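Chains, contacts and geometry: an overview
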Amino acid sequence: MKRSLFMVMLAGAAVLAGCGDNHAEPAPKTEITLMRFFGSCDAKFGAVNDASQGVGECGIVTAMVNEFNATNTDGIRVKTQTAEWAPYYDQLTARLVAKDIPTVAVMHESALGDYVRRRLIEPLDASLPALGIGVNDFTDHARRGVTLDGQIYALPFDTWAWLWHINTTLMGQAGLMGADGKPRLPHSPDELLAMARQFKQRTGKPLFAWAIVKETAATNRTFQTLIAQQDTKLFSDDGRRIDMHQPQVVNALSLMQRLYAEGHVKPNLDYGAANQAFLNGEAGVVVVGTWTIDQFLREARKPESPLKGGYTVVPFPQLYQRPAVFADGHSWALFKGGAATPEQHAAALKLLQFIWQRSAEWARTGHLPVRRSVAQSAAFRALPFRENLAEITRTGASMPSSVPTQRAVELLIGEDVSNLLVSGKPIAEVQDDVEKQVNKALKKVRR
Amino acid sequence: MTPMLRKGWFDRAVMAALVLLAALWMLPLLWVLALSFKPNELLMVRTDVFLAPPYTLANYADILQTSAVFRWLGNSALVAALQTLGVLVLSSLAGYGFARCEFPGRRWLFPLVLFGLAVPSQSVFIPLHRLFSDWGLQNTYAGLALPGLAAPFGVFLMTQYFKAVPIDLEEAAMLDNASRFKTFFKVVLPLTLPAQATLGIFTFLACWNDYLWPLVIATKPEMYTLTRGLASTQTNFAQSEGLGFLMAQAVFAGAPVLMIYLFFQKHLVTAVAGTGRS
């Protein structure tokens, strides 16, 4: 009986494994693969063939690819291969090793350098002009992000940056709104501390919610922003050494430590909880990226929301001499060997051209455009708060592209800066440990 | 009088404490279940909701409308079944060999197998992936199932089990002219069914729940297993914007395992209690 049951299960499994999305479509002339994160949303957008009808990252990118598949006249079919965000590069590397190379893949600009140094990515300088993609239309940050050793290695898709999402109702209660109806922003660390104290005193709530538990990205990005605003070079020119023993590092760490120690940051929040605290009116400011703008806007329109009618967003305020905000970006890269035939290569370039032409649609996600023409367009400026954020396309600051394994470096910095806040690790120890660990990691990199 | 009432106050207190602890242990699972029926928009703002409305089946509908989800389910079942079958066959043969057969190198080979228990699977990940991809097994069922066949725990369990079977039974069979293999297959193997069930269930569950190996060896969506496939559908900020969907995924992926547990709970409990013997 049990054996029969097992055989039935096995047969059932085999039948299910044979199921799938085997649509009876005519065979495409050219098929290419597109590897990306942003999730899968077939249920809502699988049949949407118009990028302008997409909503959110997943919806827009899905509809964009569907539109390309439906409208291109060259018989090109793009097969999307989704992978989740966290282990994306592990899977990408595994694919490259196994020679199962995607034709086109989305890449963080901060990760691009590692693959370029290993000569895995095709330069695009020669191809872009023929596609009508002018590099002079790239924004400053986008161009920096995809350029290594003077060559362009990817098509920029967006710029995302570190922002203050503000509950203006609470700011009003704290007496921190200006006569122009805009929140008063600090211009120095002392002003920020004074503002946080006033906010706490008047509302009984901490000024900030930001993710400290279960992630290190937020602390790293805030730290990098404060360092960039002091015009400090954290890394050597060749990107192989970090110098944490600079007064500017102490300034940044001291400020973060004081904000946390004085109770101006709601403690023990992870990413979801930090956003929740903000949406529930438990903090005046959540420090997070561009991608939450649409979500917070939708909440602010709900009558029952504590955020109702009281939401705005600005770049992380300038506290030191230089206007700068931590920023990174997504881009599309062509991997060497990903196109087996000249037809596939041409198809991949056509896809890039199509994505470039729909750049404005992607900007609806909250991410900033990578085309000057889009950033300056009336349509983009008419989107909520984009006027406030457009400066980031110039002031966005990232790690220098010469620094290898940037994601590992970000993790190491973020971990120890989180230790500084959560477990009270002394600043001097944080400086020593970050320097030691990051330099060790950088030394291990072969190329 | 029921057995429970006949017991003393201490036993009852222990039982009450165990029930309480079990309820506490169950709480996160029940929370996951409850959140899976809540709209994502609500969960962006509140996650302390439990039984109160609103409810929705939208998260489950979204999973079922993902075009490849049944294929992933089938892949998981197929790979887990193949791996379970392979582990049972190999571990039984190896266990019998170590328990009963004399062959050159047995004395050092068995400790070497046991040493495998001390090697974390992650430490051999890179060479293993390299090997399998060089053999062209990327995105194949063989690539998904074969690494799990090296099961030191299975060999150890079966060796110990075969050692406990009285040798007289085998000697009697051999006196009746049964070959070594026939003795193994017809006489000894049926006696090890409880151990086989234990090993089979653990192997199946481990394979079903595996995420890391499918992450690197299955890179085409049509070859994803369920855990891998469901994870790939998560948006970048699922823990905030798609929490209900995330919880529904956990329930959906766990449901088949729960059913297996319900069918085979007697063997599982026996195995965990360390008395895997009839």
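Residues numbered from 1 in each chain as written. Chains lettered and ligands numbered in written order. Predicted model: local features only at pLDDT ≥ 70, side-chain atom pairs only at ≥ 80, totals over all residues.

**A look at the overall build of chain A**
Within chain A one finds 20 helices and 11 strands. The C-alpha atoms of chain A give a radius of gyration of 24 Å, which matches the 22 Å a tight globule of 447 residues would have. If one aligns the C-alpha atoms of chain A with their principal axes, the spans along those axes are about 65 × 65 × 55 Å. Out of the 447 residues belonging to chain A, those deemed buried represent 49%. (Helix = DSSP H or I, 4+ residues; strand = E, 2+ residues; numbered from the N terminus. Rg over C-alpha atoms; globule rule 2.2 N^0.38 Å. Buried ≥ 20, exposed ≤ 12 C-beta atoms within 10 Å, placed from the backbone.)

**Some thoughts on the confidence of the model for chain A**
Residue and element names in this part refer to chain A. Taken over all residues, the pLDDT of chain A has a mean of 91, while the share at 70 or more is 94%. Averaged pLDDT values for the elements of chain A fall to 54 in helix α1 (residues 2-18) and rise to 98 in helix α8 (residues 189-203). Across residues 19-24, where pLDDT falls below 50, the model places eight contacts with residues more than four positions away in sequence or in other chains. (pLDDT = per-residue confidence, 0-100. Contact = placed C-beta atoms within 7 Å.)

**Brief notes about the UniProt feature "transmembrane region" (unreviewed entry) in chain B**
Cross-referencing UniProt, the feature "transmembrane region" (unreviewed entry) maps to residues 77-96, 108-128, 140-162, 183-206 and 243-264 of chain B in the present numbering. For residues 183-206 of chain B, helix accounts for 96% and strand for 0%, while the C-alpha atoms at its two ends are 31 Å apart. (UniProt positions renumbered as here; feature names shortened; annotations may be inferred.)

**Considering the interface of chain B and chain A**
Taken residue by residue, the interface counts 38 residues in chain B and 40 residues in chain A. Taken together, the elements giving at least two residues each to the side of chain B that touches chain A come down to α3 (40-45), α4 (58-64), α5 (69-100), α7 (125-134), α13 (212-217), α14 (226-232) and α15 (238-241) of chain B. Counting residues per element, the side of chain B that touches chain A draws most heavily on α5 of chain B, at eight residues.

**A few points about the nonpolar core**
Among the nonpolar cores identified, the biggest contains 145 residues, and Tyr153, Trp210, Met256 and Ala333 of chain A are the most heavily contacted of them. For this core, the element with the highest residue contribution is strand β6 (residues 155-167) of chain A, accounting for eight residues. What Trp210 of chain A contacts, discounting residues up to four positions off in sequence, is Ala218, Val265, Ala274, Val286 and Val287 of chain A. Judged by nonpolar contacts, the second largest core, of 46 residues, contains Tyr96, Val188, Ala218 and Tyr224 of chain B. (Core = buried A, V, L, I, M, F, W, Y, C linked by C-beta atoms within 7 Å.)

**Thoughts on the domain arrangement of chain B**
Entries for chain B in the domain assignment read domain 1 (3-10 + 18-59) and domain 2 (67-233). The C-alpha-based centres of domain 1 of chain B and domain 2 of chain B are spaced at 35 Å. (Domains from an automatic or database assignment.)

**Some details on the domain arrangement of chain A**
Residue and element names in this part refer to chain A. As far as domains go, chain A holds domain 1 (27-159 + 328-390) and domain 2 (161-327 + 398-444). Between domain 1 and domain 2, the C-alpha centre-to-centre distance is 29 Å. Taken together, the contacts link 22 residues of domain 1 with 19 residues of domain 2. Contributing elements (two or more residues each) for the side of domain 1 that touches domain 2: α3 (56-71), α5 (109-117), α6 (140-146), β10 (325-334) and α17 (386-389). Top contributing element to the side of domain 1 that touches domain 2 by residue count: α5, with six residues. For the side of domain 1 that touches domain 2, the per-class residue count stands at six nonpolar, 11 polar and five charged. (Nonpolar A, V, L, I, M, F, W, Y, C, P; charged D, E, K, R; others polar.)

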